[in-house]
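Coordinate inspection notes
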Amino acid sequence: MGFAVAVKDSQSDIAIKDMVVSPSGRCQYKRLPLRDLPPLGVIRRARLAREDLRVRGEGAPTPGRGSVYAVGDWVRVKDREGIRATLDDRDRHRGLWFTAGQWSFCGRTYQVEHVVRRMVDDHYRMRSLSATTTLAGATCLGADGGQGCGLACALLFRDEWLEPSTPAAAAPGIGGLHATVRTLPEIRATLDRAGRLHGVPFQAGMARFAGTRQRVLTQVQYGALAWWQRPVGGSWYILDSLRCDGEPLSVTGCDRQCGLLWHESWLRLEGAPGSLI
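Description of the structure in this document. (Residues numbered from 1 in each chain as written. Predicted model: local features only at pLDDT ≥ 70, side-chain atom pairs only at ≥ 80, totals over all residues. Heavy atoms only, no water.)

Across all of its chains, the model carries 13 salt bridges by this definition. A salt bridge links glutamate 51 to arginine 54; the nearest nitrogen and oxygen atoms lie 2.7 Å apart. In this pair, glutamate 51 and arginine 54 are both assigned in helix α2 (residues 40–58), three residues apart and thus about one turn of the helix distant. The exposure class of arginine 54 is buried, given its relative accessible area of 14%. One salt bridge connects arginine 84 with aspartate 91, and the closest N-O pair in it is separated by 2.4 Å. (Salt bridge = Lys/Arg side-chain N within 4 Å of Asp/Glu carboxyl O. Helix = DSSP H or I, 4+ residues; strand = E, 2+ residues; numbered from the N terminus. Buried < 20%, exposed > 50% of the residue type's maximum accessible area, 1.4 Å probe, protein only.)

So, about the environment of threonine 180. Structurally, the position occupied by threonine 180 is in strand β11 (residues 178–181). Separated by 90 residues in the primary sequence, threonine 180 and glutamate 270 place their C-alpha atoms 8.0 Å from one another. Once you skip the residues sitting within four places of it in the chain, threonine 180 turns out to touch Gly211, Thr212, Arg213, Trp266, Leu267, Arg268 and Glu270. (Contact = heavy atoms within 4.5 Å.)

In this section: the sheet that holds strand β4 (residues 74–77). Taken in spatial order, the five strands make up an open sheet running β9-β8-β7-β4-β10, and their pairing is antiparallel. Since the sheet does not close on itself, it has two edges, and those belong to β9 (157–158) and β10 (162–164), each with one partner. By the bridge criterion, two bridges tie strand β8 (residues 126–135) to β9 in an arrangement that is antiparallel. Across the sheet, the residue bridging to threonine 132 is arginine 158, located in β9. (Pairing = 2+ DSSP bridges.)

This brings us to the nonpolar core. In this structure, Val181, Phe202, Leu239, Leu260, Trp262, Trp266 and Leu267 are the most contacted members of the largest nonpolar core, which totals 29 residues. When residues of this core are traced back to their parent elements, those giving at least two are β11, α4 (184–188), β14 (213–219), β16 (236–243) and β17 (259–263). Ranked by residues supplied to this core, first place goes to β16 with five residues. Val77, Leu87, Trp103 and Leu135 belong to the second largest nonpolar core, which has 28 residues in total. (Core = buried A, V, L, I, M, F, W, Y, C linked by side-chain atoms within 4.5 Å.)

Reading across the sheet, the five strands line up as β17-β16-β14-β11-β18 and stay open at both edges, with antiparallel pairing between neighbours. Sheet topology places β17 and β18 (267–270) at the edges, where each strand pairs with a single neighbour. Direction aside, neighbouring strands of the sheet carry axes that sit 45 degrees apart on average. Where β11 lies against β18, four bridges are found, and the strand directions are antiparallel. The residue of β18 that forms the bridge with threonine 180 is arginine 268. (Axes fitted to C-alpha atoms, helices over the stretch in contact; angles between N-to-C directions.)

What the rule picks out here adds up to eight aromatic pairs. Between phenylalanine 98 and tryptophan 103, the ring centres sit 4.6 Å apart and the planes meet at 70 degrees, which makes this aromatic pair edge-to-face. The class of phenylalanine 98 is buried, set by a relative accessible area of 0%. Tryptophan 103 gets classed as buried once you look at its relative accessible area, which sits at 11%. Both rings, one in phenylalanine 202 and one in tryptophan 262, keep their centres 6.0 Å apart while their planes meet at 80 degrees; by these two values the pair is edge-to-face. (Phe/Tyr/Trp six-rings, centres within 6.5 Å; stacked < 30°, edge-to-face > 60°.)

Bringing the state of the cysteines into the picture now. Using the criterion set out here, one finds zero disulfides in the structure. Just so you know, cysteine 140 is unpaired, no disulfide at all, and the nearest cysteine sulfur is the one on cysteine 153, 4.3 Å from it. Summary of cysteine pairing: cysteine 258 is not part of a disulfide, and the nearest cysteine sulfur, belonging to cysteine 254, is at 6.0 Å. (Disulfide = S-S within 2.5 Å.)

What follows is the structure in structure tokens.
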């Protein structure tokens, strides 16, 4: 069953009802705005097909148990010594890696953004997780904004890596480039019959942000990506705090909280790209 978007634009009062594609086709994580070069592009597509077959045959794993922290709670990432005490010799705790980019968040305070109980991993396999959250502003870009692959992936934090805190301990907010999401009729005009632009789907859940003003977290940069990939179709951006809610995989559910990809034609950018932080 596909997803239908029926949202009325506030300016033109036009109902957009024809953005309908299959759930698997709507997941941007499975269709990055990149064109894989062989041989790894072939391997990626084979993994996607294999995992789709596995889920259809075996069903999705049961979601893991929740976190001791709720969405909106303020938490402090423990200092390096506290984190190190929870890790094995491979920097893992209960199998989850504390990545090199996560060390930059130690000692800082953030708000819980989402409780992760089930997600698609980097090999496109659906996994159960327990006692794990994502934190608002804690992405693979690192605390200084200069790390990661450029896709601003949400980092995963075990409960054992966190401790309660207060908003007073959080660092002040930062500015930067902002953009206004264009109206749905404007966005629809850029899409093909399957609701995609350059092969990347405009997800059903993205429609609710039409007309809103958002901070630009990062522009997807070619130089930050692996050598076997190349970008297609102009410039793509990640907007701060706008993440996939798992709607494209509603049958199985995914809490990964991937950053949504926004094409430049879907946005009205304010200022110059050099303003990005």
